[in-house]
Every structure is written in structure tokens, then in C-alpha cells.
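Given next are the chains, with one letter for each unit.
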Amino acid sequence: MDSKRAACLRPEFTAALAGFILSGESVNLISPHGQGRRRTLEDLHQFIPGSTMIIQLNMLLYCHDLKGFLKAIASYFNHPETNVNSLGGLFDQLEKENQKVLLILHNFDQLWNGSTLKDGYSGSFLEDLNRLREREITLLCVTEHADQHDQLQADGTQLDAIPLPIPDITSAQLMMEILHRDLPVEQDELGGLAAWLLQQKSPYSILDQLEPAWFKQKNWKG
């Protein structure tokens, strides 16, 4: 494993995730906030060939805006049409360009209001996503709760994707991450800092938000 891949937060898990994607499997990546979901998506780039176009959208921005969502995808490949009303229509055009694509839909579960898809979305939208298996386009959804995976459905159509929970971050992974970031923490203090982080509800998010000065002052010991 090269140095960039070794510097990933969860290198083994990310390699396994990439294996599903490279084999054409649709995946629903599941993890609560604060465990490094977004970082996993960043690390994934190290395992995906540069020839693959990666389209990543935060569905929080498009909960009630299907047209805006379609327009955002079209902007990735300069789609000439402005009146495409379905995901399938866009993918038909994209497929003509003979381009391998990884479509990442972050916060995918935000499209649902309880058991109902929000404005503009429907079962046909999910059908278009499920048909990606027939194309050179791979789907990676990111959701928050494992027990909600079976609820990703509408109008009798269920999202066809492998549920893949992100494992809880470990003490060893946190210590390696602190070292990779070159934070002002002594070697013999790494274990104590990692233990403190693991006691927090969102250990990775806290690590990501704290300034170097905080670590220098050893505030986690207070």
C-alpha cells in the first residue's frame, strides 16, 4: 500500500469499499455523524482510477429541488440539454460519452420525510438509480442509520444497494491520524488523547475541528 493510501483514516475498509465500487456494485455507506464519513469519501479517491469521473453531491442542497439536482449532475459533463427531466435521460447522454462514472450522493437519507420522498422525487427516481447497474455508472449513497436502509423506498421501489456500515473509529486509527497531521502531541501522550476522543460522541469531528494550540496546551487532560 503506497503512502497516500496508508495515510487514509481507515485504509483497509476504504480498500474494501473501493473493491465493491470497482466491481460495479451499488453501495449504501452507513455511519452516524462524527465518525469520518466525509473523510472516507475523500480517502476513496486514492483507490479509484483517475480515468473515472467522480460526481459528488450533498443531497441536503437538493431535498426539494430535483431540477437543481439534475442540473448539478449535467454541469459535470457540460450536458447540452437544459430540459432533461429525469435521471435516466441524463445518464443516457453521459453513457454516449463512454465515460466511467462514480456517482456519490451524500446525505441521501435527507430526501425522505418519514416514509415519503420529498417534493419532485418519486419511485421512478429510485428506479433510475437501480438501473445504474446496467451502465458504466456506479452508485455510492451515504446515509446515517443502518436501521433505515430498508426504508429507502417509494412507490413500491426499494433502493437496490449493498448496505455497508462504516466501522467505529479505533484508538489506533486516531493515533495514526494525529501523527499524519503532525499535531503537537508527544508520542507517550497519543494513547491518552485517543482515549479521550473515543469518549466523545463525534470523535473524528472533534479532532477535525480543534486547533493545534488546543493540543499544545494538553487540554484533553483537564
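This one's a predicted model, so the numbers in the text were calculated from it and none came from an experiment.

Thresholds applied
- Residues numbered from 1 in each chain as written.
- Predicted model: local features only at pLDDT ≥ 70, side-chain atom pairs only at ≥ 80, totals over all residues.
- Heavy atoms only, no water.
- pLDDT = per-residue confidence, 0-100.
- Helix = DSSP H or I, 4+ residues; strand = E, 2+ residues; numbered from the N terminus.
- Buried < 20%, exposed > 50% of the residue type's maximum accessible area, 1.4 Å probe, protein only.
- Pairing = 2+ DSSP bridges.
- Contact = heavy atoms within 4.5 Å.
- Salt bridge = Lys/Arg side-chain N within 4 Å of Asp/Glu carboxyl O.
- Disulfide = S-S within 2.5 Å.
- Phe/Tyr/Trp six-rings, centres within 6.5 Å; stacked < 30°, edge-to-face > 60°.
- Core = buried A, V, L, I, M, F, W, Y, C linked by side-chain atoms within 4.5 Å.

Undergrad: Teacher, can you tell me more about the confidence of the model for the protein here?
TA: Detailed reading of predicted coordinates is not advised where the pLDDT is low. On average, residues of the protein score 90 in pLDDT, and 96% of them are at 70 or above. Per-element confidence in the protein ranges from a low mean pLDDT of 81 for helix α5 (residues 87-96) to a high of 97 for strand β1 (residues 27-30).

Undergrad: Would you mind showing me how to read the pairing of strand β3 (residues 101-106) here?
TA: Along any regular strand the residues' side chains alternate between the sheet's two faces. Among the six residues of β3, six are classified as buried, and the element is accordingly described as predominantly covered. Side-chain alternation along β3 places Val101, Leu103 and Leu105 on one buried face and Leu102, Ile104 and His106 on a second face that is also buried. As defined by bridge partners, β3 adjoins strand β6 (residues 137-143) across five bridges and the pair is classed as parallel. Paired with leucine 103 across the strands is leucine 139, a residue of β6.

Undergrad: I keep staring at the environment of phenylalanine 69 and nothing clicks. Help me out?
TA: With respect to the element layout, phenylalanine 69 can be found in helix α4 (residues 66-76). Residue classification places phenylalanine 69 among the buried positions, given a relative accessible area of 0%. Measuring from C-alpha to C-alpha, the distance between phenylalanine 69 and glycine 88 comes to 13 Å, with 19 residues separating the pair along the chain. Every residue in contact with phenylalanine 69, bar those within four places of it in the chain, is listed here: Leu57, Met59, Tyr62, Leu87, Leu105, Tyr121 and Phe125.

Undergrad: Would you take a moment to explain the pattern of salt bridges for this structure?
TA: Once their charged atoms are close, side chains differing in charge can pair, the charge on each being opposite to the other. Evaluated as defined, the whole model comprises twelve salt bridges. The partner of aspartate 128 in a salt bridge is arginine 131, with the nearest N and O atoms 3.4 Å apart. One network of salt bridges, in which partners are shared, links Arg39, Asp43, Glu177, Arg181 and Asp208.

Undergrad: How should I be thinking about the state of the cysteines in this particular structure?
TA: Note on terminology: disulfide describes a covalent bond linking the sulfur atoms of two cysteines. If you walk through the whole model with that rule in mind, you get zero disulfides. In this structure cysteine 63 is not part of a disulfide, and its nearest cysteine sulfur, from cysteine 141, lies 13 Å away. Among the residues examined, cysteine 63 registers a relative accessible area of 8% and is labelled buried.

Undergrad: Can you walk me through the packing of aromatic side chains in this structure?
TA: Aromatic ring pairs are reported here in terms of the distance separating the ring centres and the angle at which the planes meet. Taken as a whole, this structure holds eight aromatic pairs when the rule is applied. Ring geometry for phenylalanine 69 and phenylalanine 125: centres 5.8 Å apart, planes at 70°, overall edge-to-face. Of this pair, phenylalanine 69 sits in helix α4 while phenylalanine 125 sits in helix α6 (residues 123-130), and the two are 56 residues apart along the sequence. On the basis of relative accessibility, which here comes to 4%, the residue phenylalanine 125 falls in the buried class. Each ring, one from phenylalanine 108 and one from tryptophan 112, has its centre 5.3 Å from the other, and the planes form 70°; the classification is edge-to-face. Note on accessibility: phenylalanine 108 and tryptophan 112 belong to one class, buried. Pairwise contacts between aromatic rings join Tyr62, Phe69, Tyr121 and Phe125 into one cluster.

Undergrad: In this structure, what is going on with the nonpolar core? I would like to understand it.
TA: Within soluble globular proteins, side chains that are nonpolar tend to cluster in buried spots. Membership of the largest hydrophobic core comes to 35 residues, with the highest contact counts inside it found for Phe69, Leu103, Phe108, Phe125 and Leu129. No other element matches α4, which puts six residues into this core. When sequence neighbours within four positions are dropped, the list of residues in contact with phenylalanine 108 reads Met59, Phe125, Leu126, Leu129, Cys141, Val142, Thr143, Leu152 and Leu159. In terms of nonpolar packing, the next biggest core, distinct from the first, is built from 17 residues, Val27, Leu29, Phe47 and Ile104 among them.

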